[in-house]
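In case you want the letters, here they are:
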Number of protein chains: 2
Amino acid sequence: MDLIKGFPATSQNSSQLNISNIIKHAARNFGRQEIVSMKQDGTLFRYTYRDSYERVQRLASSLTSLGVTVGDRIGVLASNSHRNHEMYFGIPGSGAVMVLMNPRFTSQELSYVVNHAGIRFIFVDEDLLHTVEDIAPMCESVQGYVILTDKKLSDVKTKLEPIYGFEECLSNAGPIYEWPNLDETVASSACYTSGTTGRPKGVYYSHRDVYLQAMMYALNAMITMKDCVFQIVPMFHVLGWGTPYSATMVGAKLVLPGRYSLENLDEIIKILVQEKVTLSAGVPSILRAILNHLLKMDPSPDLSGVRFLCGGSEPPLSMMRSFWDATKAEIVHTYGSTEAQAIVTLNLPKPWLNKELTEEERWELKKKQGYIVVGLDVKIVDSSDNELPHDGEAVGEILLRGPWVLGKYHDAPGSEDQFTKDGYFRTGDVGTIDSEGYLKLTDRTKDLIKSGGEWISSLDMENEIVNHPAVLEAAVVGVAHAKWEERPLALVVLRDKFKTKVNKREILEHLATRFAKWQLPDEILFVETIPKTSVGKIDKKAIRAEHNEIYTDN
Amino acid sequence: MDLIKGFPATSQNSSQLNISNIIKHAARNFGRQEIVSMKQDGTLFRYTYRDSYERVQRLASSLTSLGVTVGDRIGVLASNSHRNHEMYFGIPGSGAVMVLMNPRFTSQELSYVVNHAGIRFIFVDEDLLHTVEDIAPMCESVQGYVILTDKKLSDVKTKLEPIYGFEECLSNAGPIYEWPNLDETVASSACYTSGTTGRPKGVYYSHRDVYLQAMMYALNAMITMKDCVFQIVPMFHVLGWGTPYSATMVGAKLVLPGRYSLENLDEIIKILVQEKVTLSAGVPSILRAILNHLLKMDPSPDLSGVRFLCGGSEPPLSMMRSFWDATKAEIVHTYGSTEAQAIVTLNLPKPWLNKELTEEERWELKKKQGYIVVGLDVKIVDSSDNELPHDGEAVGEILLRGPWVLGKYHDAPGSEDQFTKDGYFRTGDVGTIDSEGYLKLTDRTKDLIKSGGEWISSLDMENEIVNHPAVLEAAVVGVAHAKWEERPLALVVLRDKFKTKVNKREILEHLATRFAKWQLPDEILFVETIPKTSVGKIDKKAIRAEHNEIYTDN
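Just so you know, these numbers come straight off a predicted model, no measurement behind them. (Residues numbered from 1 in each chain as written. Chains lettered and ligands numbered in written order. Predicted model: local features only at pLDDT ≥ 70, side-chain atom pairs only at ≥ 80, totals over all residues.)

Peer 1: Kindly report on the overall build of chain A, identifying the contributing residues and their values.
Peer 2: Looking only at helices and strands, one finds 16 helices and 25 strands in chain A. Whereas a compact globule of 554 residues would reach a radius of gyration of roughly 24 Å, chain A reaches 24 Å, a difference of no more than 12%. Dimensions of chain A, computed from C-alpha atoms along their principal axes, come out at roughly 70 × 60 × 55 Å. Taking all 554 residues of chain A together, the buried fraction comes to 51%. Within chain A, residue pairs in contact and separated by at least 24 positions form 67% of the contacts whose partners lie at least 6 positions apart. (Helix = DSSP H or I, 4+ residues; strand = E, 2+ residues; numbered from the N terminus. Rg over C-alpha atoms; globule rule 2.2 N^0.38 Å. Buried ≥ 20, exposed ≤ 12 C-beta atoms within 10 Å, placed from the backbone. Contact = placed C-beta atoms within 7 Å.)

This is the structure in structure tokens:
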């Protein structure tokens, strides 16, 4: 799409949006603001943006010493720590590209990413060494490994070589680094999508992308220096990526919990209360676990003013209400995409709607994904790419356009059909937009069930099944059917105390209050667990593969 | 300064930061938010961002009908109204350049601006027609005049021709406009500096500049959709410019007061209270007048949560305290520059300083200009351009760098010395930066008085004279002196009830508590008024010109 030239402006065109400016700004203007990080021994490490900036400069200097040059790719496999935060700035700031490695990827996927990106060095947490050791023999471009640990390097046991200690590198480097004036359109970092279909695909964010997204995210989520941001979402995850940049940009206090597990949330809750956290984020399963933990406390802590951004899938209304009732914390529904760097919509209450709507209506509204963040252009289109009205009724595929949205996957022949001719990215998600600008996801294009020429929303059906008090989790997929092309199949996990006490008929009756008879699943299987992808989403591909003959066998 | 290239990113490079996206976004996502505008008959006109966007599109369509093409310059001479807000988007959005015309400029200055910019059409308020009529014979490039009025065009009396009615143009134009995809680096708008020295100089802002500055301003001033922004600063003024873009971007309610005068603030105060304003801005003289008005009310209205950004010169501490004591409104000190589009620093309380400082210290801190806004790089340098430390002690010239800062004046040979070799803009202001990042202005380079090789701060001296209870206003300039090179001269306006009751000795004794004897002014002249520039600043050039021989005559 050609750009139209006009009358020349008089701006400083050599002044580029570079990531290093964000931490430099924080060090200068919010120098004494705290960063809190969980160490491997479980104690909290505290320092400031000013301290951090010195280490960020040392890191950049040490990259030069390692022989890293502008444009090199550096892999990072690490939990949420102050060291990871330093790498967020030091690696891109030096001109190298930080490739975020997802420890939930399989060895095949991870080694594919390393080779596809041509990674020269991998920075890895000591307790994730085994993951890298597994793939090292398959990774040809890697020249060395930098270990992130509180120990001395000589105390670290690994078969990797050559290895370097992160702390030793920083100690040996100078505390002042002259940042290169990078063209803002060059890559700063890369995420690989988990790929429910095919190989992982690389999204390479420019400095400009990250800078703009950080501003936009802080602006839309209203993050300020008064906030304490608790980064519990992994920093490599779309819902976590970007938040540390926003927090740093505005000088918010930042808390990084290191490695934690859903099974041991005591420490997380303790930090949440003790550090006076005001903003965090998570997928519904994490937030549900936190909620359950909070409900068990007597009394539950007062979390007035705390916002939890919730993405990945729709937060159940019951969970949002319980959070509010028990702690006064607010769940803010968001919708994001790796290809758009992070959030696309978020659902904060609009003052005029707050006045007009009843309490029930306000809660219902919170189930929508939210309105579009500043800077992004979202449209919904029919199967011929005609734009559909924003009337809350018309259902179409969601297309994204914006300065920090993906224009093409890196070196991924065959992926061109995910972009329209006029430059929009096809999300593969389907939904409506209402006249207030609220997006409501109804499904994924590939997860819509086509039965006899009509569509059935698997997402709606899952949500409705989960509303049944006996149900813990549910998945609905379309399975090939001789007569109807596809028919729905439901997998249901029952809560412990209801196991064996609920049958198929009861679930169908529950569904029948909201779905037409022809839409009801032909089969409901009660299972112990539902297959998940590496990022914790329901793995519909796996479910379909397992049950692909359930209706054709008959 | 060459940009360094790195590894390619995968972003949508054709997706540019265009001003039209801001209003489109507001119409879609904050469509029902209100814009309130004062009509010529004194009644309030109310409509929404959605209504506005239709008119913005009609405006852009009508420009095409007038024969305006991409890159053309359009002059705007208008008070703060919904029509002016529409022009903020419609003119740049179409690819033309909106040149802001300052009605306080002299005819010579205004006609110079029109000819220098090569303006093709002037959009002018009916009640400013006389200003344009005065300069029209000197403006060769102008092909027509568009009149902004609530009347029918046929009822408007003017000798200008050809004339067009703004409302008639919009009525005749289509409601849908396809925005051109403009290269974001082209000019969208231009401000001409008032020029205390030489001719007005043009700063041409790109779409990118305006978009980034709007994001940054909203982020730093924490403007959200919950705010009601009262635009009392003229929209052509550095302190007003940009605010409507930020308000629109985040969906804040916007109130535009039309034409008002300091002498008749009843209406302004009424709107302030009635519309539940939460954010406004002004120079100290306006805020002082508003305060006086509020103090006369019994009781003064409760303005808790209201922020008044104050720029142009230092807000007196007594005024900030009175605002707080009487109304709970907060004055936020800011420092801006036309060359940086708007604010450079702002002084909001940092949470950790709020905890540490005593109440007195917190008030003292509010006198500083504030910390640097996100995105700008500020340094202070000595006379050889060596960077000085941020220790709150070292005094140097303030240099600015940033993506939306001026790189060169438009077609202004001889102005190159206002930029350093490494791309910083020389503000001509002098000050300190402390370890918390707070900038404190001490003077303008050209207003520092050089006496016997030492510097005397005219600004400090003015502030100290004004602290004397008998003094209403004061100006201090350096005047040529045979022995000492320069010596200070003070002009003092006494308050009415102190006229003839205070003499030179008393003012000198007052100053002697803070200044060394050699720094005291050799002469103090009691005057009725102090010469001001077109933007209301003390016109030191005029004062020096009038009194240039006062010390050499002796």
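Back to the text.
Peer 1: Before we move on, can you summarise the domain arrangement of chain A with the specific residues and values?
Peer 2: Under the domain assignment used here, chain A contains domain 1 (20-205 + 222-259) and domain 2 (452-546). A C-alpha centroid distance of 40 Å is found between domain 1 of chain A and domain 2 of chain A. (Domains from an automatic or database assignment.)

Peer 1: Which residues make up the pairing of strand β3 (residues 73-77) of chain B, and what values do they have?
Peer 2: For a regular strand, side chains alternate in direction, first toward one face of the sheet and then toward the other. Residues and elements named next belong to chain B. Buried residues dominate β3, accounting for 5 of its 5 residues. The alternating pattern of β3 places Arg73, Gly75 and Leu77 on one face and Ile74 and Val76 on the opposite face, and all of these are buried. Strand direction decides the pairing type here: β3 and strand β4 (residues 97-100), joined by 4 bridges, are parallel. Counted as the bridge partner of Arg73 is Val97 from β4. (Pairing = 2+ DSSP bridges.)

Peer 1: How would you summarise the relation of the copies chain B and chain A if you had to cite specific residues and measurements?
Peer 2: Put simply, the second copy of the chain is the first one after a rotation about an axis and a shift along it. Each copy of the sequence occupies a distinct position, and chain B is placed on chain A by a rotation of 180 degrees and an axial shift of 0.1 Å, giving an RMSD of 0.3 Å. Read as a symmetry element, the transformation amounts to a two-fold axis. Among all residues of chain B, the one whose C-alpha sits closest to the rotation axis is Leu219 of chain B, at a distance of 2.6 Å. A shared binding surface is used by both copies, with 100% of the interface residues of chain B retained as interface residues in chain A. (Least-squares fit on C-alpha atoms with pLDDT ≥ 70 in both.)

Peer 1: Quick rundown of the packing of helix α1 (residues 20-29) of chain A against helix α8 (residues 243-250) of chain A? Include the residues and the values.
Peer 2: Residues and elements named next belong to chain A. Contact pair α1 / α8: the axes reach a minimum separation of 7 Å and the direction vectors enclose 40 degrees. Relative to α8, the element α1 is oriented oblique. At the point where α1 passes α8, the crossing takes the left-handed sense. Every residue of α8 that contacts α1 at Ile22, Ile23, His25 and Ala26 is listed here: Tyr245, Thr248 and Met249. Across the contact of α1 with α8, the residue classes break down as 5 nonpolar, 2 polar and no charged. (Axes fitted to C-alpha atoms, helices over the stretch in contact; angles between N-to-C directions. Parallel < 35°, antiparallel > 145°, perpendicular 65-115°, else oblique. Left-handed = near helix turned anticlockwise from the far one by under 90°. Nonpolar A, V, L, I, M, F, W, Y, C, P; charged D, E, K, R; others polar.)

Peer 1: Give me the pairing of strand β15 (residues 343-346) of chain B: which residues, what numbers.
Peer 2: Residue and element names in this part refer to chain B. Sheet topology places strand β14 (residues 330-336) next to β15; 3 bridges connect them, and they run antiparallel. Paired with Tyr335 across the bridge in β15 is Thr345. Once β14 ends, the chain turns through 6 residues before running back antiparallel as β15, passing Gln341 with a positive phi of about 75 degrees. When β15 meets strand β16 (residues 370-372), the two strands line up antiparallel, connected through 2 bridges. Residue Thr345 lies in a different strand from β16, and its bridge partner there is Ile372.

Peer 1: Talk me through the sheet that holds strand β7 (residues 163-165) of chain B; I want residue IDs and the actual numbers.
Peer 2: All names here are of chain B. A sheet is described by the order of its strands in space; here 7 strands give the open sequence β7-β6-β5-β3-β4-β8-β9, paired in mixed fashion. Lying at the two open borders of the sheet, with one neighbouring strand each, are β7 and β9 (201-206). Strand-to-strand twist across the sheet, computed as the mean angle between neighbouring axes with direction ignored, equals 25 degrees.

Peer 1: I'd like a description of the sheet that holds strand β8 (residues 187-193) of chain A, backed by residues and values.
Peer 2: All names here are of chain A. The mixed open sheet is built from 7 strands, whose spatial order is β7-β6-β5-β3-β4-β8-β9. Edge positions in the sheet fall to β7 (163-165) and β9 (201-206), since each of these pairs with one other strand and no more. Across this sheet, the average inter-strand angle for adjacent strands is 25 degrees, counted without regard to direction. The strands touched by helix α7 (residues 207-220) within the sheet are β8 and β9, with β9 carrying the most contacts at an inclination of about 75 degrees.

Peer 1: Any chance you could break down the environment of Val203 of chain B for me, citing the residues and the numbers?
Peer 2: Tracing the sequence through the fold places Val203 of chain B in strand β9. Not counting chain neighbours up to four residues away, the residues in contact with Val203 of chain B comprise Thr10 of chain A together with Ala190, Cys191, Thr193, Thr338, Glu339, Leu406 and Tyr409 of chain B.

Peer 1: Outline the packing of α7 of chain A against helix α7 (residues 207-220) of chain B, listing residues and values.
Peer 2: At their nearest, the axes of α7 of chain A and α7 of chain B sit 9 Å apart, and the two run at 40 degrees to each other. As summarised for this structure, α7 of chain A and α7 of chain B are arranged oblique, according to the angle between their axes. The two elements α7 of chain A and α7 of chain B meet at a crossing, and its hand is left-handed. When α7 of chain A is examined against α7 of chain B, the residues Met215, Met216, Ala218 and Leu219 of chain A are found in contact with a partner set consisting of Met215, Met216, Ala218 and Leu219 of chain B. Across the contact of α7 of chain A with α7 of chain B, the residue classes break down as 8 nonpolar, no polar and no charged.

Peer 1: A description of helix α4 (residues 107-117) of chain B should follow, citing residues and the corresponding values.
Peer 2: Residues and elements named next belong to chain B. Where α4 is concerned, the buried positions are Leu110, Ser111, Val113, Val114, His116 and Ala117. The secondary structure elements touched by the buried residues of α4 are β3, β4, β5 (119-125), α5 (129-135), β8 (187-193) and β9. Just downstream of α4 lies Gly118, where phi reads positive at about 65 degrees.

Peer 1: Let's hear about the interface of chain B and chain A: which residues, and what values?
Peer 2: Many structure descriptions define interface size as the accessible area lost when the parts assemble. The partner chain A presents 72 residues to the 72 residues of chain B that form the contact. Of all the elements in the fold, those that place two or more residues in the side of chain B that touches chain A are α1 (20-29), β9, α7, α8 (243-250), α12 (351-356) and β16 of chain B. Sorting elements by how many residues they give to the side of chain B that touches chain A places α7 of chain B first, with 5 residues. Class assignment of the residues belonging to the side of chain B that touches chain A gives a composition of 34 nonpolar, 26 polar and 12 charged.

Peer 1: Please give an account of the environment of Ala342 of chain A that cites residues and values.
Peer 2: Residue and element names in this part refer to chain A. The residue Ala342 is located in the loop between β14 (330-336) and β15 (343-346) in this model. The exposure class of Ala342 is buried, given the 28 C-beta atoms found within 10 Å. Taking the C-alpha atoms as reference, Ala342 lies 8.5 Å from Tyr217; in sequence the two are 125 residues apart. Beyond its immediate chain neighbours, meaning those up to four positions away, Ala342 contacts Gln213, Tyr217, Val238, Trp241, Gly242 and Gly336.

Peer 1: I'd like a rundown of the environment of Cys228 of chain B, residues and numbers included.
Peer 2: Residues and elements named next belong to chain B. Within the secondary structure layout, Cys228 lies in strand β10 (residues 228-230). As for Cys228 and Ile271, which are separated by 43 residues in sequence, their C-alpha atoms are 11 Å apart. Setting aside residues up to four positions removed in sequence, Cys228 forms contacts with Ala252, Lys253, Val255, Glu275, Lys276, Val277 and Thr278.

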